[in-house]
Amino acid sequence: MSFSTLLLLIIAFSLCSFFFSSSSAFKKIKSATSRPSALPKHYGQYSLAWTLFPAFLLLIVFTIIGPIYVDNFFKQQIALTEASYDKAKIELILAMIKNISNGSISSDEPKILKLADEYSNYLSKIYLFRTLSVLLLSSILGIIISSNINILKNSRVKVETFYRILFFVSAVIAIFTTVGIIASLLYESLRFFALYPFFDFLFGLHWAPNIAIRSDQVAAQGSFGMLPVLLGTILVALIAMIVALPIGLFSAIYLAEFASKRVRDIIKPTLEVLAGIPTVVYGYFAALTAAPFIRKIGMTLGLDVSSESALAAGAVMGIMIIPFISSLSDDIINSVPQSLRDGSLGLGATKAETTIKVVLPAAFPGLVGAFLLAVSRAIGETMIVVMAAGLSANLTINPLETVTTVTVQIVSLLTGDTEFDDIKTLSAFGLGLALFAFTLILNVIALVVSRRLSEQYD
Amino acid sequence: MVDKKNNLKFKTKNVSVFYGSKQAINKISLDIEEKQITALIGPSGCGKSTFLRCLNRMNDVISNCSVNGKILLDGNNIYSDEIDPVLLRAKVGMVFQKPNPFPKSIFENIAYGPRIHGIGNNRAELTDLVHHSLEQAGLIDEVKDRLDDIATGLSGGQQQRICIARAIAVNPDVILMDEPCSALDPIATAKIEELMSSLSKSYTIIIVTHSMQQAGRVSQKTAFFHMGDLIEYGETPKIFTQPDQQKTQDYITGRFG
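The structure displayed is predicted, hence computed values, not measured ones. (Residues numbered from 1 in each chain as written. Chains lettered and ligands numbered in written order. Predicted model: local features only at pLDDT ≥ 70, side-chain atom pairs only at ≥ 80, totals over all residues.)

J.: Sorry if this is basic, but what is going on with the overall build of chain B here?
T.: A count of helices and strands for chain B gives ten helices and ten strands. In terms of overall dimensions, chain B is globule-like: its C-alpha atoms have a radius of gyration of 18 Å, near the 18 Å expected for 257 residues. Along the first, second and third principal axes, the C-alpha set of chain B runs to 55 × 45 × 35 Å. Taking contacts inside chain B between residues at least 6 apart in sequence as the whole, the part at least 24 apart equals 69%. (Helix = DSSP H or I, 4+ residues; strand = E, 2+ residues; numbered from the N terminus. Rg over C-alpha atoms; globule rule 2.2 N^0.38 Å. Contact = placed C-beta atoms within 7 Å.)

J.: Help me out: how do you make sense of the overall build of chain A in this one?
T.: Within chain A one finds 15 helices and two strands. In terms of overall size, chain A is more extended than a compact globule, its C-alpha atoms giving a radius of gyration of 31 Å where 458 residues would be expected to give roughly 23 Å. By its C-alpha atoms, chain A is 80 × 80 × 35 Å across when sized along the principal axes. The buried share of chain A, taken over its 458 residues, is 36%. Considering only contacts in chain A between residues 6 or more positions apart, those separated by 24 or more positions represent 73%. (Buried ≥ 20, exposed ≤ 12 C-beta atoms within 10 Å, placed from the backbone.)

J.: Hey, could you run me through the domain arrangement of chain A in this one?
T.: A common way to report how large an interface is uses the accessible area buried once the components associate. Residue and element names in this part refer to chain A. With domains assigned, chain A is organised as domain 1 (3–151), domain 2 (154–195) and domain 3 (208–457). For domain 2 versus domain 3, the distance between C-alpha centres works out to 29 Å. Between domain 2 and domain 3, the residue contacts involve eight residues of the former and eight residues of the latter. Partitioning the side of domain 2 that touches domain 3 into residue classes produces five nonpolar, one polar and two charged. (Domains from an automatic or database assignment. Nonpolar A, V, L, I, M, F, W, Y, C, P; charged D, E, K, R; others polar.)

J.: Would you explain the interface of chain A and chain B in this entry?
T.: Chain A puts 18 residues into the contact, and the matching count from chain B is 25 residues. No other element matches the six residues that helix H11 (residues 338–346) of chain A contributes to the side of chain A that touches chain B.

J.: Would you take a moment to explain the sheet that holds strand S5 (residues 76–77) of chain B for this structure?
T.: Hydrogen bonds between backbone atoms are what pair the strands of a sheet, whose relative direction is either parallel or antiparallel. Residues and elements named next belong to chain B. Here four strands make up an open sheet; going across it, the order is S2-S1-S4-S5 and the pairing antiparallel. Each edge of the sheet is formed by a strand with only one pairing partner; in this case those strands are strand S2 (22–33) and S5. Relative to S2, strand S1 (residues 8–19) runs antiparallel, the two being bridged by eight bridges. Within S2, the position partnered with Val15 by the bridge is Ile28. (Pairing = 2+ DSSP bridges.)

J.: So what exactly am I meant to see when it comes to the sheet that holds strand S10 (residues 229–235) of chain B here?
T.: Residue and element names in this part refer to chain B. Reading across the sheet, the six strands line up as S6-S7-S8-S3-S9-S10 and stay open at both edges, with mixed pairing between neighbours. In the strand order of this sheet, the two ends are held by strand S6 (92–95) and S10, each with one partner. Mean inter-strand twist for the sheet, computed between neighbouring axes without regard to direction, equals 15°. Sheet topology note: the strand S3 (residues 37–41)/strand S9 (residues 221–226) ladder contains four bridges and is parallel. Looking at S9, one finds that Ala39 is bridged to Thr222. (Axes fitted to C-alpha atoms, helices over the stretch in contact; angles between N-to-C directions.)

J.: Mind showing me how you'd approach the confidence of the model for chain A here?
T.: In regions of low pLDDT, the predicted coordinates are not meant to be interpreted in detail. Here chain A shows a mean pLDDT of 86. Residues at 70 or above account for 96%. Mean pLDDT values over the elements of chain A span from 81, in helix H3 (residues 87–101) of chain A, up to 93, in helix H7 (residues 227–258) of chain A. (pLDDT = per-residue confidence, 0-100.)

J.: Quick question: what am I supposed to make of helix H3 (residues 106–117) of chain B here?
T.: Residue and element names in this part refer to chain B. Listed in full, the buried residues belonging to H3 are Ile106, Asn109, Ile110, Ala111, Tyr112, Gly113 and Pro114. Considering only its buried residues, H3 is in contact with helix H4 (123–136), helix H5 (140–143) and helix H6 (156–169). Where H3 ends, the next residue or the one after it, Gly118, has phi of about 70°, a positive value.

J.: Got a minute to help me understand the packing of helix H8 (residues 261–276) of chain A against helix H10 (residues 310–334) of chain A in this structure?
T.: Each packed pair of helices is defined by two parameters, the angle between the axes and the distance between the axes. Residues and elements named next belong to chain A. Where H8 meets H10, the closest approach of the two axes is 8 Å, and the angle between their N-to-C directions is 135°. One way to sum up the angle between H8 and H10 is to call them oblique. Both H8 and H10 take part in a crossing whose hand is left-handed. Residues Leu271, Glu272, Leu274 and Ala275 of H8 form the contact with H10, whose participating residues are Ile322, Pro323, Phe324, Ser326 and Ser327. Class assignment for the residues of the contact of H8 with H10 results in six nonpolar, two polar and one charged. (Parallel < 35°, antiparallel > 145°, perpendicular 65-115°, else oblique. Left-handed = near helix turned anticlockwise from the far one by under 90°.)

J.: It is not clear to me how helix H9 (residues 279–300) of chain A should be interpreted in this structure. Could you clarify?
T.: Given 3.6 residues per helical turn, the α-helix brings residues three or four places apart onto the same face. Residue and element names in this part refer to chain A. Across its 22 residues, H9 extends 30 Å between first and last C-alpha, which sits within 8% of the 32 Å expected from 1.5 Å per residue. The sharpest bend along H9 comes to roughly 40°, located at Ala286. Regarding H9, the residues found buried are Tyr282, Gly283, Ala286, Ala287, Ala290, Ala291, Ile294 and Arg295. At its buried positions, H9 is contacted by H10 and helix H13 (383–388). (Expected span 1.5 Å × (residues − 1). Bend = angle between axes of the 7 residues up to and from the residue.)

J.: Sorry, what's going on with the pairing of S10(B) here?
T.: The side chains of a regular strand alternate, residue by residue, between the two faces of the sheet. The pairing of S9(B) with S10(B) spans six bridges and is antiparallel. Following the sheet pairing, B:Thr222 is matched in S10(B) by B:Gly234.

J.: When you look at unusual backbone geometry in this model, what are you seeing that I'm missing?
T.: Outside of glycine, negative phi angles account for most residues, and trans bonds account for most peptide bonds. All names here are of chain B. Positive phi is not limited to glycine here, since Lys27 has a value of about 45°. Position of Lys27 relative to the elements: it lies in strand S2. Even without being glycine, Asp74 reaches a positive phi, approximately 50°. Considering the arrangement of structural elements, one finds Asp74 in the loop between strand S4 (65–73) and S5. The partly exposed category is assigned to Asp74, around which 16 C-beta atoms lie within 10 Å.

J.: I would appreciate a short explanation of the confidence of the model for chain B in the present structure.
T.: Residue and element names in this part refer to chain B. Mean pLDDT over chain B works out to 89, with 97% of the residues at or above the 70 mark. The low-confidence segment residues 1–6 (pLDDT under 50) makes six contacts with residues lying over four places distant or belonging to another chain. Under the prediction, the complex receives an ipTM of 0.88, its pTM being 0.77.

J.: Please explain the nonpolar core as it appears in this structure.
T.: Across soluble globular proteins, nonpolar side chains have a tendency to be buried as a group. Core analysis: the biggest nonpolar cluster contains 149 residues, and A:Val236, A:Ala286, A:Ala313, A:Val316, A:Ile384 and A:Ala388 have the highest contact counts within it. In terms of residues, this core owes the most to one element, H7(A), which gives 16 residues. (Core = buried A, V, L, I, M, F, W, Y, C linked by C-beta atoms within 7 Å.)

J.: Just checking my understanding: could you explain the environment of B:Met227 for this structure?
T.: All names here are of chain B. For Met227, the location among the structural elements is in the loop between S9 and S10. Met227 sits in the partly exposed class, given 14 other C-beta atoms within 10 Å. Taking the C-alpha atoms as reference points, Met227 and Ile25, 202 residues apart in sequence, are found 7.5 Å from one another.

J.: Help me understand the pairing of S6(B), please; the structure alone is not making it clear to me.
T.: Residue and element names in this part refer to chain B. Across the two faces of S6 the burial is the same, with Val92 and Met94 and Gly93 and Val95 all buried. Relative to strand S7 (residues 174–178), S6 runs parallel, the two being bridged by four bridges. Counted as the bridge partner of Gly93 is Ile175 from S7.

J.: Would you mind going over the environment of B:Ser16 with me for this structure?
T.: Residue and element names in this part refer to chain B. With respect to the element layout, Ser16 can be found in strand S1. Taking the C-alpha atoms as reference points, Ser16 and Lys27, eleven residues apart in sequence, are found 4.9 Å from one another. With near-sequence residues (within four places) excluded, Ser16 lies in contact with Gln23, Ile25, Asn26, Lys27, Asn68 and Gly69.

J.: Sorry if this is basic, but what is going on with the packing of helix H2 (residues 40–81) of chain A against helix H4 (residues 110–147) of chain A here?
T.: Residues and elements named next belong to chain A. In contact at an axis separation of 9 Å, H2 and H4 are set at 165° when each is read in the N-to-C sense. Regarding the angle of H2 to H4, the classification is roughly antiparallel. Between H2 and H4 lies a crossing of right-handed hand.

See the structure below:
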């Protein structure tokens, strides 16, 4: 039986056990003389949890471990029959066997065909065992629990424990995935730093990953100094924040403090539409509209503006971030207690004075946090800069020139046919790690700053 | 219209307040005397706070609130177009139910109002003003060594006196107090009541209170509100000993409320 059929079956089992248990508990409670310790639904949930989760765990374990076990077994088999084979050869044969057994390729070598036959037999036996054990576990637990409902035992407490475990496991899964992502990033980066000196990467002023067109081509070694790329990223993010911070913050202040309910009901959804535009659309807006526009203005002023300027990319990125900043700030400003506003207004302060001298200082820690989150977002943003910022790594702080960013370089290094043991490809992971470290530091600063400041204002 | 008796501070005529279509108070006419304490009492939702907030136009802050009738402060209608509510609130200060000092230093809290109104041009004048206000609020001995501490770190009673000092600092004529002691313990309450009595020598004080004992202790005049109507208004001893209205009698003897 397939994974999904099995899952559906045990869900059906557990629903049955839920209804059976709760109705049996209901009957018992009705005829009981003493006050029961839990409601019928708690007994139902308790029995549902026992019917579903152990069997589900078993199913997961079998599904993950089963094929690994079979593979290892066959590797041993192959190694026994052909002692001369090395590891790579064994892997290759195993892959062939697998492909033959699921019918994607065919072979006329009788030895391989036989192994493939054995392989599929073995696998189906494992799956049959999985089906039986999962169904057995689910049904036995379901029957035992639901036929032994004891209303004197408090199942509410046990259900509570189940919920706690469920939520805990979800949290742990989220953490583990994060750890896994970081680990893979670190692993690939370490491979890169084995090929290229760490400090040359960190402080190098020249970024030129020469991409070999053919594998036999004698390419230059390439130079991987990340500073120009990092500087480009910071420049674009800075321009974005210069655009987004005042507009976002001021619009939030307007919405939270000054706008009437009617105006607010119109402006807020409009800003949210801005947040809903896909970044790729912003990207071609930047490349096709903003960049030529800025270039034209620059030309009339007698400035030399490149067609893919940091200014265009940054400005459009800023527009993208406006709703992010404004909706976060709006929430933060709204959470300042009304009593502070009343106090200030009651002293004869105007609305603007109240906002600037009382509301904003009280909201400041939250606003700093929101601002730094927006900065991390600007730094990690990819699509706009891919389309509008360009590829050449100039070490410049002139916003009218072409710059490139970390994300753009990663995209260009990893798109298309790539070899994953090549220094150029691996350098993308180095960049990824640098970007991750950078935004992590920013987020930590945001956290520390807002905590420090809110202590002061509590 | 000029009042003959010059010791009248507020004169209200047929004041009604609506929140949307719901009427909160109904045609209140009430005269409030200068440099006295007037207490507004009544059960929850009777409109006493709403009436109080009309006197410095704090109801303007609430978007769907509308006020009808006339409120004269020193003979001038405060709801006429020429009156700037911001200046009015400098003249008619307010202390709220929950102590609401700003999350700033004690000094900055007191100096906030004067700075906004351009009182106290230099640091020395401002410092004098802050000290004087804290002295009037009976707080100076407790906080004079820590004026730079955050005001929100003080106790509830101290916070409330900071709010009173803050209101005094802009030199108002009237101080409105909206249940100023309801969040405080009895000792802090006693201090505030003592403070009110001494302040009433220089300021007109109007206090909304839930506590009839408090009204009896501090006020010279008491107004009893019920369901948005002004039931009875008179000298405090008379209201508490021989009220004219049966409803007042029922309320002060605790038969409802």
